[in-house]
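Each chain, letter by letter, is given below.
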Amino acid sequence: MRILTQKITEIAICRGWIPEEQHEWCSYTIMKYLETIIFFCFISLISCLFGRWLEMFFFVAASYILRRRIGGWHARSPLRCQVLSIGISCMAVLLLGLLISECVPLSVEYIMALVSSVMLLCARPVYPAQLHFSDEIKVQNGKRKNRIVLIIILIESISYIVLPRVLPSLLMSSWGVLIGTMMETEHTGGGGGRMNKMEGICRNILRKAVDSERTVLIPACIGLLYQPERPVEQAATSLKTSTHEEDA
């Protein structure tokens, strides 16, 4: 994967899509995106094979969005991330989710989900160890985190009435994020010729992706638990760029 990442980065720099001084950020961004695609391909295939794609979607989406704002424990390698992320997702949806659906009354599931969400409201975000943010930035992120949790509470309430089958998945995602925060502390943490239309599109997409990764507050994992080593650079002082990624 690293060879492929470096090859794509070299092509991007040679074609002038990315400035040469952003070589490390480009490699970092491409690595994350490729690993994320692999994760979602595997998890989509497994969830479809077991007929639990909707439950898996809610679990992965909630976990992904919450960890963007709360952070937590990360695996130390891409392979370990993929194995753990796929294993945890399958265990949460295909095993624990089914067990809860069968053995726990729906009203109790709903109460458990609400309690877990309240705990998320009280949880302190865990920031990457190599980044240092001002108190103002942390306050902003905390507010965004709370808004996301409130939206999830609303989804849980709707699911309780309309789509109870996904409630265990939302509960499992809350538990997973809470456990992740408990396992981590806040202190750990080329050519000058004319480009054709396709090259212009590739350039714009890649530049936006790199800028997004450079300025995001808590980077998304490539699966659920792995964060590649980020190039060393002072953190951005604004959350504007990360706002557009919350709906992804």
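Residues numbered from 1 in each chain as written. Predicted model: local features only at pLDDT ≥ 70, side-chain atom pairs only at ≥ 80, totals over all residues. Heavy atoms only, no water.

**What to know about the nonpolar core**
Link 1 in the chain: Membership of the largest hydrophobic core comes to 17 residues, with the highest contact counts inside it found for Ile43, Phe59, Val60, Ile86, Cys90 and Met172.
Link 2 in the chain: Among the elements of the structure, α2 (23–49), α3 (53–70), α4 (78–103), α5 (106–122) and α7 (167–182) are those that each provide at least two residues to this core.
Link 3 in the chain: For this core, the element with the highest residue contribution is α4, accounting for 6 residues. (Core = buried A, V, L, I, M, F, W, Y, C linked by side-chain atoms within 4.5 Å. Buried < 20%, exposed > 50% of the residue type's maximum accessible area, 1.4 Å probe, protein only. Helix = DSSP H or I, 4+ residues; strand = E, 2+ residues; numbered from the N terminus.)

**Some thoughts on the side chain of serine 173**
Link 1 in the chain: Structurally, the position occupied by serine 173 is in helix α7.
Link 2 in the chain: At 2.7 Å, the side chain of serine 173 and the backbone oxygen of leucine 170 are in polar contact.
Link 3 in the chain: Among all residues touching serine 173, those that are not within four sequence positions of it are Phe59, Ala62 and Ser63. (Polar contact = N/O pair within 3.5 Å; in protein donor to acceptor, adjacent residues only side chain to side chain. Contact = heavy atoms within 4.5 Å.)

**Some points on the confidence of the model for the protein chain**
Link 1 in the chain: On average, the protein chain scores 82 in pLDDT, and the residues at 70 or more come to 83%.
Link 2 in the chain: A low-confidence stretch, residues 235–248 (pLDDT under 50), is modelled with 27 contacts involving residues beyond four sequence positions or located in other chains. (pLDDT = per-residue confidence, 0-100.)

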